[in-house]
Structure formats: structure tokens, C-alpha cells
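# Structure at a glance
As a plain string of letters, each chain reads:
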Amino acid sequence: MFKKILIANRGEIAVRVIKTCQRLGIATVAVYSEADADSLAVEMADEAVFIGPPAPGESYLRLETILEVIKQTGADAVHPGFGFLSENAAFPIALEKIGVAWIGPNVHAIEAMGDKIRSKQLAAKAGVSTIPGADGEIADADTAVAAARAIGYPVMLKASAGGGGKGMRIARTEQETREGFAAARNEARTAFGDDRILIEKFIEEPRHIEIQVLGDKHGHVIHLNERECSVQRRNQKVLEEAPSPFLDAKTRAAMGEQAVALSAAVDYDSAGTVEFIVDKDRNFYFLEMNTRLQVEHPVTEMTVQLDLVEQMIRSAAGLPLELTQRDVKIKGWAVEARLYAEDPYRGFLPSIGRLKRFTEPKSGPLGQGELRIDAGVREGDEISLFYDPMIAKVIGYGKTREIAIDTLAAALDRLHVEGLQSNAPFLSAVLDEADFRAGRIHTGYIDQHFPDGFHGTAPREDQLTWMVCAAAFVHETFVRRAAQIEGRITPPPAPGPREWIVLMDGRRFPVEIELGGPGEARIWAPTLAEQPFELKTGWSAGAQLFEAEINGQAFALEFSDRTEGYRLRHRGYSAVALVCSARSAELHLLLPEKEKADTSKLVLSPMPGLVVSIAVEAGQVVKGGEILLVVEAMKMENVIRADKDGVIKTVSVTPGASVAADEMMIEFE
């Protein structure tokens, strides 16, 4: 076994690998850029070495620098994680020359499967079902249009190298094909240093289902069942689960057999993933093979009870697999949510900044299930525009799919993020949807269910009850605590019940509350129920989470004390609750609403990022829908278009300039 492993990566996956190495008694080396100098991975590793500026091309993608660190530290093996150099065949080739082990598949497998064009050809030769498409790479936009006409719309344009949703565009028209080709090529060049693009038929409402494979250096390859990754946004996975709620045993076996056949064809000898798209009739087609560990690997680990990082290390050390295909079972259900630093209320734009507060529940038992959290950041860390905006992966596990979903939802209720926005409200909203609960999902699920974006959800009756009671309890606690301050002029309130009005979402909720023992209260709210609510909580002032029981039913609300009122959130519903006297409530309802500033003539940056290109200049006449400029953030290009016809008055930015969220870039006359 290895003595020291260098992790050529950062963030959550670096932390994940370190944890397994610590359990196995293997020393670790972390590499870090300027942006990651104070990261959790650097803190946890036995050694840490600086490798350059924040930009990946000047740090994590600099193979020569990382090779020098390997020699300097004496590491005898390297784990590449995912992304960056994990699928660059030049890396294991260079390691072999210096006698250092590569914790990943052999070079032949990486080269064969890392190229989508070649991998599709090899898959067909191995008897794997493939998607109809143009043979070979697409040289230019005209060729893309011609190929799209021959295949038939809609089509998918995607980078031949890499993955993760980058360099991918769906096109339904000639114009979208031309624009999509240019955007996909630019993203591919930036993310992977390889701008080759292929084109193939886009299957309507497909499911994205992948098979986890595992091989060793002794010719053994098995599969570890499937993961369903159909809930996606912009071709990037949002929720994943194992097993799939759609597959039957026959389809699972057939997909597994084809995945193993393809893996065997390239002598696969590590952990890898064969991805398929599956139509409504359970016909499946090869999509690609990822010759690395996947982000969503925890759901497989929990349902087959294996540590995939450990298995990769064992294989790289030349040890045989410890199990056969017959040993692989499905044990329970796991559902994973990717917690991102992005604002779901603003089109899921990246929300870059410092995690001023980050509270997460502990991994372990939660409700009827079990919780696992894989995070690469902690409170005080900064989410940088140079890297993926992931905060953590939150995984719920249980005996059934329903328990796994409930466990994950309960965990998201108990998360608190301050300093930037997170997609937790959106994730929770999806988990609560009837179609998701029933397993009626596909890759267009988010677009179909949220066609106009995410704007929160309407409150359920139980959510209103929880928030009204929580607001009343907190306010009554604060009022009585203030009355106890020594020297207070006004007399303390008399014991017994007291009446308040809770104003929330334009509605008026009269309540009567009587505090009992510590953390206990009886609350009458006639507009919500005829009988009083018995509330029990361990909440204390300053806590950002309000966990309680009402009439024996447990719940958790995200809570913050505002200048006026209390901000409360549960799942996809959030509101500000103002607790006041009856007279004050009457006056508040008479206050006029604050008018919003007129920004109709301004084009503001929707996110922090870098200006890639500008397509207009002062004095130019533009039509609605025309491209104005392109802003890049988190390695994704965001095209900004004109909302309406007009004349450009000023352009305040230049290509290559950094912009902040809501910074003015263009003004119309």
C-alpha cells in the first residue's frame, strides 16, 4: 500500500480523499492556489504546497508545477479527484516516468473514453447502444447546421473533451445551432483546452442514468448498479439518487452488462462511470464514459456500502477486487443534493463571496434515515469565481426512497448560509413536488416545472402555522427578556397570555401566547386552528435555526432577526413576519409600499464575473433579443441580450474587465 498520496485537486473532493487516506493510515499532500491558502483541505492534509495564482490555468492545470511538488514531497501516488487534470492522459504518462502511481484507470482507457467521438465509435464496436449523430468532429457553424438538418432537430452540441455540462448546448433551430456552436466551442476551449465539438440527436425528455463500474489490474470488472441523475439545470446535475426509481431489474442488468463490456474493451482498472440516456420506453443509449470518480459517487457508496476512493487506491496498488458481481446488492436508497452558492431567485446566477455563517446538521442519524454531508468549505471561507460554486453535497439515506427524500429535506431545513445565496430553497422545493416524489423526472424537469424561473413556493397550511407560532414565541421571549433588564422604566408585562398580531405576506394573524416552562408555550391562532398549539423548542437568542415541535410534529425553520421583523424560511417558502400590537398592525397596513428604482434603461451585471466580449458600441441601434455582451463566471459563459429595441448610450465596461453583481455595464438612451 502507498505511504503518501498527493491530491491534485481542491475543495470537497480533496477533503473527501483525505478522509479515506486518514482512515487507511496514508499520509496526504494537498496543493493549493492563492485562493485556497486557508482552505479546509490545506488544514486537513499532512502537508500542503502552494502552486500558483487562483486561475486554474496558472495552478491546478499546470502539470509541470504539480510534478515538481510530487518530487519535492516524495509522494508515491497521486489521486486526481474530478475535473482539472483527472482525465488528462499526459498526467499518468508523466507519473510513470518518475515511478509514481496514478490512482485512476490506465492511459489507454483515458485516451479512448476521454474523447467523445472515439468513445462512441468504441462503444458501438463493443455492442453498446449509441445515439444517432454525425460521425466525427464538427469543424464550423456551417457544418453544424448541415449535420443538424441531416439528423433532425433538436440536436445536442457538446465538447468532445471534458464534461460537467460545460461546452454543451441544445439547438432547435438553425440560429440556435450557430450560436450554440460558438458558445460550446468557447466554453470547451476555456474549460478543457480542447475546442472540438460533436453533434448528435437530442432525445426528448430523456432520463440521465449512469452505471458505476469498478475494475482492477487483474482483468476483473464489475458494475455497482445505477445512479439516476435526471434532475439537471443547464446540463449540470442538481439531484442524484441510487437506485433509479424508473429502471426494472431487466433494464438494470442490460445496462450493467453493456457498461462492463465497454469497460472490459479498454481493460478498465479503476472506478469509472458509463453514462446513458434512457427514453420513456426504457430504451437506453450510450452518452459517454467518465474515467474518474464522479461528484455523485456517495449515493452509490451508501447503497452498496463501499468506499470508492479506497477501492481506487487498492486497484492502483495492484490489489484484486474484493467482491464479484454476485456480491453486489442494492441496500436501501440514497438521494444527493448539490448545495451551490447561487441565487435561485435570480436565474441561479453564481453568488460569489464569503460564507459569513454556515451552519450544517451533523452527519449521522436524522429522523428515520441517515445523513451524510461532504463539504470542502466551512464558515469564513470564500466561494471564488475561479472555481465550481459548490458548498457541499448533502445526502439522505434510508430503507426506502421516501425516507431518503424526507431525510435529505430535513437536512436542508437545518442548513443556514449567510454572506451569499444558496440554492437550498430550490432544492427543498423540488423534493416536495409530487412529480419528484413519484419519480416522474427527466433531464428537462426543471425547465418544465419552473418555466419562468424559481420565485419561491406558495405556503402550505402547516408552514404558515410553524412560522406564525415561531415568530410569536421569539417576539414574546424578546419582550419579556427586555422587561427584565435592570433599571427599565416601564413595568414588566403581567404573567399569563398576551395578544399579538403577526403580519406576514400581507396577511393578518391574531395570536394569543402564554409562555410555560423553558422553551414551552401555548399559542392560540384562531385563523389557523380552533385548538391551541403546544410548542416546545430549544431555540435560544442568536441561533439561526428555529427547531421545535408543535403538537408533537417536529420542524426546523431558517431564522434571522431583522431590523424590523423576523425572516423565516421553510423549504421553498420564505417570509418576513412582523409581530406587533393591534394598533401598530393597523398602522403598518396603511404604510405605502416603497417604489423600486427605475433600471429599465440599464443593463446590469447579473453576477460577479469577467466580461468575455462586447458586441455593441455607443450609438448603435439594437433589436430586442440581440446579443449585447458575454459575462463568464464559474467557467460558464452567460450571454446578455437586449430586452427591447433601443439605442446604446454608453458602454461602461471593456473585454477582460471584472464586474460585480448589479454593476452597470450598458446604458440605453
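All values reported here derive from a predicted model rather than from experimental measurement.

### Some remarks on the pattern of salt bridges
Within this structure, the stated rule accounts for 54 salt bridges. For the salt bridge of Arg23 with Glu310, the shortest nitrogen-to-oxygen distance reads 2.8 Å. With Arg23 in helix α1 (residues 11–24) and Glu310 in helix α11 (residues 308–316), this residue pair connects regions lying 287 residues apart in the sequence. Glu210 is paired through a salt bridge with Lys237; the nearest N and O atoms lie 2.9 Å apart. Of this pair, Glu210 sits in strand β9 (residues 207–215) while Lys237 sits in strand β11 (residues 236–242), placing them 27 residues apart in sequence.

### Regarding the pairing of strand β14 (residues 333–340)
With respect to burial, β14 is a largely interior element, eight of its eight residues being buried. Sheet topology note: the β11/β14 ladder contains four bridges and is antiparallel. When the bridges of β14 are listed, Glu241 appears paired with Val335. Note: β14 against strand β22 (residues 390–398), eight bridges, orientation antiparallel. Across the sheet, the residue bridging to Glu336 is Ile395, located in β22.

### Looking at the packing of aromatic side chains
The full count for this structure, using the stated rule, is 19 aromatic pairs. Here the aromatic rings of Phe276 and Phe284 are separated by 5.4 Å at their centres, their planes lie at 90 degrees, and the arrangement is edge-to-face. When sorted by exposure, Phe276 lands in the same class as Phe284, which is buried. Pairing Tyr345 with Phe454 gives two aromatic rings, centres 5.2 Å apart and planes at 45 degrees, and the pair type is tilted. Remark: Phe454 occurs in the loop between α15 (445–449) and α16 (461–483) and Tyr345 occurs in the loop between β15 (342–343) and β16 (349–350); sequence separation between them is 109 residues. Judged by its relative accessible area of 1%, Phe454 falls in the buried class. Taken together through their ring pairs, the aromatic side chains of Trp466, Phe473, Phe478, Trp539, Phe546, Phe555, Phe559 and Tyr566 make up a single cluster. Positioned above the aromatic ring of Phe246, the side-chain terminus of Arg282 is 4.5 Å from the ring centre. Directly above the ring of Phe436 sits Arg401, whose terminal nitrogen or CZ lies 4.9 Å from the centroid.

### A closer look at the sheet that holds strand β5 (residues 101–102)
Spatially, β3-β2-β1-β4-β5 is the arrangement adopted by the five strands of the open sheet, whose pairing is parallel. Taken across any chain shown, the strands that pair with only one partner, and hence form the sheet edges, are β3 (47–52) and β5. As paired elements, strand β4 (residues 77–79) and β5 share two bridges and run parallel to each other. Each residue of the ladder has a partner; that of Ala77, found in β5, is Ala101. Strand contacts of helix α3 (residues 63–73): β1 (4–7), β2 (27–33), β3 and β4, with the helix running at about 155 degrees to β3, the strand carrying the most contacts.

### Details of the state of the cysteines
Across all of its chains, the model carries zero disulfides by this definition. Cys469 takes part in no disulfide bond, and the closest cysteine sulfur, belonging to Cys580, lies 16 Å away. According to the relative accessible area criterion, Cys469 is buried, its value standing at 0%.

### Looking at the packing of helix α5 (residues 107–114) against helix α6 (residues 116–125)
Axes are the key here: two packed helices are described by the angle between their axes and the distance separating the axes. At a minimum axis separation of 5 Å, α5 and α6 run at an interaxial angle of 100 degrees. Taken as axis vectors, α5 and α6 run roughly perpendicular relative to one another. Across the interface between the two elements, His108, Glu111, Ala112, Met113 and Gly114 of α5 pack against Lys116, Arg118, Ser119 and Leu122 of α6.

### Focus: the nonpolar core
Core analysis: the biggest nonpolar cluster contains 42 residues, and Leu239, Ile391, Val394, Leu408, Phe426, Leu431 and Phe436 have the highest contact counts within it. Those elements that place two or more of their residues in this core are β11, β14, β20 (369–375), β22, α12 (401–413), α13 (424–432) and α15. It is α12 that contributes the most residues to this core, seven residues altogether. Excluding anything up to four places from it in sequence, Val394 contacts Val335, Glu336, Ala337, Leu371, Arg372, Ile373, Leu408, Ala411, Leu412 and Leu415. Core analysis: the second largest hydrophobic core is formed by 36 residues, Phe2, Ala45, Leu293 and Ala316 among them.

### A few points about the sheet that holds strand β13 (residues 284–290)
The antiparallel open sheet is built from nine strands, whose spatial order is β13-β12-β9-β10-β11-β14-β22-β20-β19. In this open sheet, the two edge strands, each paired with only one partner strand, are β13 and β19 (364–366). Each adjacent strand pair in this sheet contributes to an overall mean axis angle of 30 degrees, direction not counted. By the bridge criterion, six bridges tie strand β12 (residues 271–278) to β13 in an arrangement that is antiparallel. What sits directly across from Thr273, in β13, is Asn290. Strand contacts of α13: β11 and β14, with the helix running at about 45 degrees to β11, the strand carrying the most contacts.

Reading the values: rules and limits
Residues numbered from 1 in each chain as written. Predicted model: local features only at pLDDT ≥ 70, side-chain atom pairs only at ≥ 80, totals over all residues. Heavy atoms only, no water. Salt bridge = Lys/Arg side-chain N within 4 Å of Asp/Glu carboxyl O. Helix = DSSP H or I, 4+ residues; strand = E, 2+ residues; numbered from the N terminus. Buried < 20%, exposed > 50% of the residue type's maximum accessible area, 1.4 Å probe, protein only. Pairing = 2+ DSSP bridges. Phe/Tyr/Trp six-rings, centres within 6.5 Å; stacked < 30°, edge-to-face > 60°. Lys NZ or Arg CZ within 6 Å of the ring centre and 35° of its normal. Contact = heavy atoms within 4.5 Å. Axes fitted to C-alpha atoms, helices over the stretch in contact; angles between N-to-C directions. Disulfide = S-S within 2.5 Å. Parallel < 35°, antiparallel > 145°, perpendicular 65-115°, else oblique. Core = buried A, V, L, I, M, F, W, Y, C linked by side-chain atoms within 4.5 Å.

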